[in-house]
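Descriptive structure summary
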Amino acid sequence: TQSENILGYYINVERIPNSCRGSSNRIFVKDRKVLLNLSMAAYSVNIFAYNEAGESPQAIYFVPDFSATDLPGQIQVKHQGTNAVVTWTPKYNPKCFVVDWGTGKEDMYMKIVTTATGNFTLENFQPYKLYKIMVHASDVCQCESFTRHEKTFGVTHSYSVEGVPRTGPANVTVLNITKHSALVKWTEIPAKDCLGFLQGYRIHYTDLSRKKSLAVTLNSSTTSYYLTGLKEKTIYHVRISGFTKAGEGPLTLSQPFSTPKYGTVKALCICYPASVL
């Protein structure tokens, strides 16, 4: 309701993380829009309206993560205990590089590299955590200039030590059951529970009449699979696990289903009575 009294807006653009504390890029605009040319580092944008009486409280906007497939460089990471040696091959020789690494916006670190060696050692990596590592190039190496001159050279993700997934996939269901086939579907394991780069899933299914178990190995992008070659009029149990380079994680709870003698049926549901207190 007071927009007619606004003289303009101050916009403070601050890099996250920012080892140059106290430095931000202040922009003045009169319109309610601004075009920012930023690197792939994280940024907060603080917006103030002002008039003759002073400034308004700030509105804070965090620039969301985005991915790019046309970055100019590749990053390699080699772990040595809790440290990691990051190397890259520049397409050109900027005055400095800026390296970001961490597990998220609240846990990111920044280092300015002014040497031309094309490598840097990062410290204090924890096992079983996914780290994002970014290398940016800049021809101006003063702190206040990074928001204007920094360009992302490359981005990669890395674990210092991989573990097995802590859980199996969720929402395992069996659909479209026929005499000799059934569709198994599930929800992917969340990244925070993988503890490593998920390489795929294994479906274990057991024919209870013969106590015979079989397994199928699938890639990590698969969340459904048709079991074929099943016996008619037979009860099966299905369990699914995920696996990383470190090995296979826990199996899900058993999901039973029964193949019909004719036609199709729905998944078998086994119900257990509630405990009486």
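Everything below is about the structure shown above.
If you're wondering where the values come from, they're calculated on a predicted model, not measured in any experiment.

Before going further, it helps to examine the sheet that holds strand β7 (residues 83-88). Reading across the sheet, the three strands line up as β6-β7-β10 and stay open at both edges, with antiparallel pairing between neighbours. Both edges of this open sheet fall to β6 (75-80) and β10 (119-122), since each of them pairs with a single strand only. Pairs of neighbouring strands in the sheet enclose a mean axial angle of 20°, with direction left out of account. Pairing analysis gives four bridges linking β7 to β10, with the strands arranged antiparallel.

Here Glu150 lies in the loop between α1 (146-149) and β12 (151-158). The buried category is assigned to Glu150, whose relative accessible area is 3%. Within polar-contact distance, the side chain of Glu150 engages the side chain of Arg15 at 3.1 Å.

Attention shifts here to empty space enclosed by the protein. Counted under the stated rule, the structure contains two cavities of 30 Å³ or more. Space inside the second largest cavity adds up to approximately 50 Å³. For the second largest cavity, the full set of lining residues is Met40, Ala41, Ala42, Val63, Pro64, Asp65, Phe66 and Lys132. Considered class by class, the residues forming the lining of the second largest cavity number six nonpolar, no polar and two charged.

Size it by volume and the largest pocket reaches roughly 240 Å³. Lining of the largest pocket is provided by 15 residues; of these, Asp65, Thr103, Gly104, Lys105 and Lys132 occupy positions nearest its centre. Those elements giving two or more residues to the lining of the largest pocket turn out to be β8 (96-104) and β11 (131-138). Here the lining of the largest pocket is built from residues that sort into eight nonpolar, four polar and three charged. Each of domain 1 (8-63) and domain 2 (75-159) contributes no fewer than three residues to the lining of the largest pocket. Taken as a whole, the second largest pocket encloses approximately 160 Å³ of empty space. Taken together, twelve residues line the second largest pocket, and the ones lying closest to its centre are Asn37, Leu38, Ser39, Glu150 and Lys151. Mapped onto the lining of the second largest pocket, the elements with two or more residues apiece are α1 and β12. Of the residues contributing to the lining of the second largest pocket, the split by class is five nonpolar, four polar and three charged. Counting residues domain by domain, the lining of the second largest pocket receives three or more from each of domain 1 (8-63) and domain 2 (75-159).

The rules behind each value
- Residues numbered from 1 in each chain as written.
- Predicted model: local features only at pLDDT ≥ 70, side-chain atom pairs only at ≥ 80, totals over all residues.
- Heavy atoms only, no water.
- Pairing = 2+ DSSP bridges.
- Helix = DSSP H or I, 4+ residues; strand = E, 2+ residues; numbered from the N terminus.
- Axes fitted to C-alpha atoms, helices over the stretch in contact; angles between N-to-C directions.
- Buried < 20%, exposed > 50% of the residue type's maximum accessible area, 1.4 Å probe, protein only.
- Polar contact = N/O pair within 3.5 Å; in protein donor to acceptor, adjacent residues only side chain to side chain.
- 1 Å grid on protein atoms, 1.4 Å probe; cavity = no way out; pocket = protein on both sides within 12 Å on 5 of 7 lines; lining within 4 Å.
- Points joined across faces, edges and corners; volume = space filled by probe spheres on them.
- Nonpolar A, V, L, I, M, F, W, Y, C, P; charged D, E, K, R; others polar.
- Domains from an automatic or database assignment.

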